[in-house]
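# Structural description and commentary
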Amino acid sequence: APGPPEEKTMGTQDWQKIQVYLRPRPTPVPSKKVKFHFEDKVLEFDLTQGAPVQEDGPHNTRTGYRFKFDEIFDPSIQQDELFERVGRKIVNSVLDGYNATLFAYGQTGSGKTYTILGDVTKYKTCKGIIPRTLEAIYKEIKQRTSHIFQINLSYMEIYNEICLDLLSKSKTNRVDDKESFEESRVHILENEDGIIEIPDLSVCRADNINDALTLLFLGEHNRFFADNAINAQSSRSHCVFTIEVEARRGDSDIVRKSKLRIVDLAGSERVSKTNADGKGLMEAKYINKSLHFLEQVIVSLNEYAQGRRSHVSFRNSNITRILRDSLGGNCRTAMVAN
């Protein structure tokens, strides 16, 4: 896939495919098998490094893999620069009336939650994409004086294919608190026009950045986390933070609506590495299965855009059902692979 154009603002034609960015996690001892070609935007795995030399017999084993990205960031990239290069253009698109999705994908412990939310202990310098997106939106709408804006927020978690309202008035979303768990549970419905609705999900108006951040941190407090052999603080669910933007001109009754969904996907897991068993094993199965269906949808959308497919199935998992109106078509979609 060709890389993105050099200009900062991307035109409609540049969004016909999902923009995919790679953010490597810094490591003290880089693997010799992994090579980054930043100018060519290519990641290469050299499987011959460290492998025994085969002197005779057929040489038909694969020697490596090459993956093309829209951009590969240096491992030392700071949070503010990452937002400017990935999130800024999506914010502008949403305020212009387009639906959009931005999600982080990667193995558990690879830094997805840090990319999306940041480090709360170093909030000023290490805040992630969601806080920076909120700050950019409120700053931008102050400058767009020709329109009156209203911002509504919702925060949902998908745990073992069960949808939970992270902004619910119940105390927590812990599994061992059955009453609170059921109070937080929401249901995905599809109306007669094929539009996805979640009628019991809390949608909260946020008139300023302080209101928005309060809701974000409330939702974060209610998320599922657990430890495993790879990550001491592993998210056990997919989380979808939705920013709904309503805009109308001061002299008009016509309201333009758009939404941005920012998704912190649970990490893909190999059970042999995480040593998961019992409840952890069940969680891993649901996580990997839903990620598989999301991959199928993304591949199908690409084939649909090329005229090689006439139908895309969003109904196999709740994460794909929720993202149905924010993927494909003229929606703006970007993925940060960690």
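Described in the following lines is the structure provided in the data block. (Residues numbered from 1 in each chain as written. Predicted model: local features only at pLDDT ≥ 70, side-chain atom pairs only at ≥ 80, totals over all residues. Heavy atoms only, no water.)

## A look at the overall build of the protein
Along the protein, the regular secondary structure elements total 9 helices and 17 strands. By residue count, 47% of the 338 residues in the protein fall in the buried class. A sequence separation of at least 24 residues applies to 65% of the contacts in the protein between residues at least 6 apart. Roughly 18300 Å² of accessible area belongs to the protein as shown, and the carbon and sulfur atoms make up 49% of that amount. (Helix = DSSP H or I, 4+ residues; strand = E, 2+ residues; numbered from the N terminus. Buried < 20%, exposed > 50% of the residue type's maximum accessible area, 1.4 Å probe, protein only. Contact = heavy atoms within 4.5 Å. Areas by Shrake-Rupley, 256 points an atom, 1.4 Å probe, with all protein chains shown as cover.)

## Brief notes about the sheet that holds strand β3 (residues 42-46)
Read across the sheet, 3 strands follow the order β2-β3-β4 without closing on themselves; strand pairing throughout is antiparallel. Unpaired on one side and paired on the other, β2 (34-37) and β4 (64-68) mark the two borders of the sheet. Pairwise comparison of adjacent strand axes, ignoring direction, gives a mean angle of 15 degrees for this sheet. Bridge count for β2 against β3 is 4 bridges, and the pairing is antiparallel. Within the sheet, the bridge partner assigned to His-37 lies in β3 and is Val-42. (Pairing = 2+ DSSP bridges. Axes fitted to C-alpha atoms, helices over the stretch in contact; angles between N-to-C directions.)

## Quick word on the pattern of salt bridges
Using the criterion set out here, one finds 15 salt bridges in the structure. With its nearest N and O atoms 3.0 Å apart, the salt bridge here joins Glu-190 to Arg-315. Of this pair, Glu-190 sits in strand β10 (residues 189-190) while Arg-315 sits in the loop between α8 (279-305) and α9 (318-322), and the two are 125 residues apart along the sequence. Two residues, Arg-205 and Asp-207, come together in a salt bridge whose shortest N-O distance is 2.7 Å. Judged on exposure class, the residue Arg-205 and its partner Asp-207 are both exposed. (Salt bridge = Lys/Arg side-chain N within 4 Å of Asp/Glu carboxyl O.)

## Some remarks on the nonpolar core
What tends to happen in soluble globular proteins is that the nonpolar side chains get buried as a cluster. Ranked by size, the top nonpolar core spans 42 residues in total, and within it Ile-130, Leu-134, Ile-151, Leu-153, Tyr-155, Phe-241 and Ile-243 carry the most contacts. Listed by contribution, the elements that provide at least two residues to this core are α1 (79-95), β6 (100-105), α4 (129-143), β7 (147-159), α6 (209-221), β15 (238-249), β16 (256-264) and β17 (332-337). Residues in contact with Leu-153, not counting those within four places in the same chain, are Leu-134, Leu-167, Ser-202, Val-203, Cys-204, Ala-206, Ala-212, Leu-215, Phe-241, Thr-242 and Ile-243. Counting 29 residues, the second-largest nonpolar core is a separate cluster that includes Phe-103, Ile-287, Leu-301 and Met-335. (Core = buried A, V, L, I, M, F, W, Y, C linked by side-chain atoms within 4.5 Å.)

## Regarding α6
Here α6 spans 18 Å end to end across 13 residues, near enough to the 18 Å set by a 1.5 Å rise per residue. Between a side-chain oxygen at the N-terminus of α6 and the backbone nitrogen of Asn-210 the separation is 3.1 Å; the capping residue is Asn-208. (Expected span 1.5 Å × (residues − 1). Polar contact = N/O pair within 3.5 Å; in protein donor to acceptor, adjacent residues only side chain to side chain.)

## Points about the environment of Lys-259
Within the secondary structure, Lys-259 sits in strand β16. Residue classification places Lys-259 among the buried positions, given a relative accessible area of 18%. Lys-259 sits 16 residues away from Ile-243 along the chain, and the two C-alpha atoms are 5.5 Å apart. If near-sequence neighbours (up to four positions away) are discounted, Lys-259 is found in contact with Val-94, Tyr-98, Asn-99, Ala-100, Thr-242, Ile-243, Glu-244, Asp-325 and Ser-326. In this structure the side chain of Lys-259 is engaged in a polar contact, spanning 3.1 Å, whose partner is the side chain of Asp-325.

## Regarding the packing of aromatic side chains
Under the defined criterion, the tally for this structure stands at 6 aromatic pairs. Summarising the aromatic geometry, the rings of Tyr-65 and Phe-67 are spaced 6.3 Å apart at their centres and angled 10 degrees between planes, so their arrangement reads as stacked. With a relative accessible area of 37%, Phe-67 lands in the partly exposed category. Between Tyr-123 and Phe-217, the ring centres sit 5.9 Å apart and the planes meet at 75 degrees, which makes this aromatic pair edge-to-face. With Tyr-123 in helix α3 (residues 123-126) and Phe-217 in helix α6, this pair connects stretches of sequence that are 94 residues apart. Look at Tyr-123 and you get partly exposed, because its relative accessible area is 22%. (Phe/Tyr/Trp six-rings, centres within 6.5 Å; stacked < 30°, edge-to-face > 60°.)

Purely spatial values, then, with no claim about function.
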